[in-house]
Amino acid sequence: MALTILIAGLAVCGIFLVAWSLTEAFVIKIPLDSVHIFYLHGSDADVEQQMRSCLWMKNRHGLRGRLLFVDCGISPQAQITAQLMLKADDNIHICAKEQVAQYIKGECETLGAGTH
């Protein structure tokens, strides 16, 4: 009896997850002109893992728009790794913390924000 209830519960959860995935894939759309900001910190391996996970989300799960990685005190070796990973896509940028506002302001002017 308990096994039947457990299997039924798992089946309901599975159906819910499939419905959620379909809804996410077809209904929820992120605009192409969006900018996603990710803060990088830590050593070379940490930065590589952070960037790879963001790129995986962009390539596999429909994360659309530009990726902006913000340097929050990464090591020189991590900076080299980040620069090498940036060559993969033109919509990926890296900047210092002080340049984030300037980057976003430039994006708004390029896209014509506030003119509609």
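Above this text sits the structure in question.
Before going into details, it helps to say that this report is about the structure given with it. What you see is a predicted model; the values in this text were computed from it and never measured.

1. Here we look at the overall build of the chain
Each helix and strand counted, the chain has 4 helices and 3 strands in total. Counting helices and strands in the order they occur from the N terminus, the chain gives α-β-α-β-α-β-α. Looking at the chain alone, contacts between residues at least 24 apart form 77% of all its contacts between residues at least 6 apart.

2. A short note on a nonpolar patch on the surface
Judged by side-chain polarity, Leu3, Leu6, Ile7 and Leu10 come together as a nonpolar surface patch covering roughly 430 Å² of accessible area. Mapped onto the elements, Leu10 comes out in helix H1 (residues 2-26).

3. Some details on the sheet that holds strand S3 (residues 92-96)
Spatial strand order, S1-S2-S3: 3 strands in an open sheet with parallel pairing. Taken across any chain shown, the strands that pair with only one partner, and hence form the sheet edges, are strand S1 (35-40) and S3. Pairs of neighbouring strands in the sheet enclose a mean axial angle of 25 degrees, with direction left out of account. When S1 meets strand S2 (residues 66-71), the two strands line up parallel, connected through 6 bridges. Along S2, the bridge assignment pairs Ile37 with Leu68.

4. Concerning the pairing of S2
Most of S2 sits out of view: 5 of its 6 residues are buried. Both S2 and S3 contribute to a ladder of 5 bridges, which runs parallel. Residue pairing across strands places Val70 opposite Cys95, the latter belonging to S3.

5. Some words on the nonpolar core
With 14 residues, the main nonpolar core has Leu40, Val47, Met51, Leu67, Phe69 and Ile92 as its most contacted residues. Of all elements in the fold, only helix H2 (44-60), S2 and helix H3 (76-86) reach the threshold of two or more residues within this core. In contact with Val47, other than residues within four places in its own chain, are Leu40, His41, Gly42, Ile74, Ala78 and Ala82. Counting residues in hydrophobic clusters, the runner-up holds 5 residues, among them Leu68, Val70, Cys95 and Val100.

Calculation criteria
Residues numbered from 1 in each chain as written. Predicted model: local features only at pLDDT ≥ 70, side-chain atom pairs only at ≥ 80, totals over all residues. Heavy atoms only, no water. Helix = DSSP H or I, 4+ residues; strand = E, 2+ residues; numbered from the N terminus. Contact = heavy atoms within 4.5 Å. Patch = residues over 30% accessible without salt bridge, like charges linked within 9 Å, V, L, I, M, F, W, Y side chains within 5 Å. Areas by Shrake-Rupley, 256 points an atom, 1.4 Å probe, with all protein chains shown as cover. Salt bridge = Lys/Arg side-chain N within 4 Å of Asp/Glu carboxyl O. Pairing = 2+ DSSP bridges. Axes fitted to C-alpha atoms, helices over the stretch in contact; angles between N-to-C directions. Buried < 20%, exposed > 50% of the residue type's maximum accessible area, 1.4 Å probe, protein only. Core = buried A, V, L, I, M, F, W, Y, C linked by side-chain atoms within 4.5 Å.

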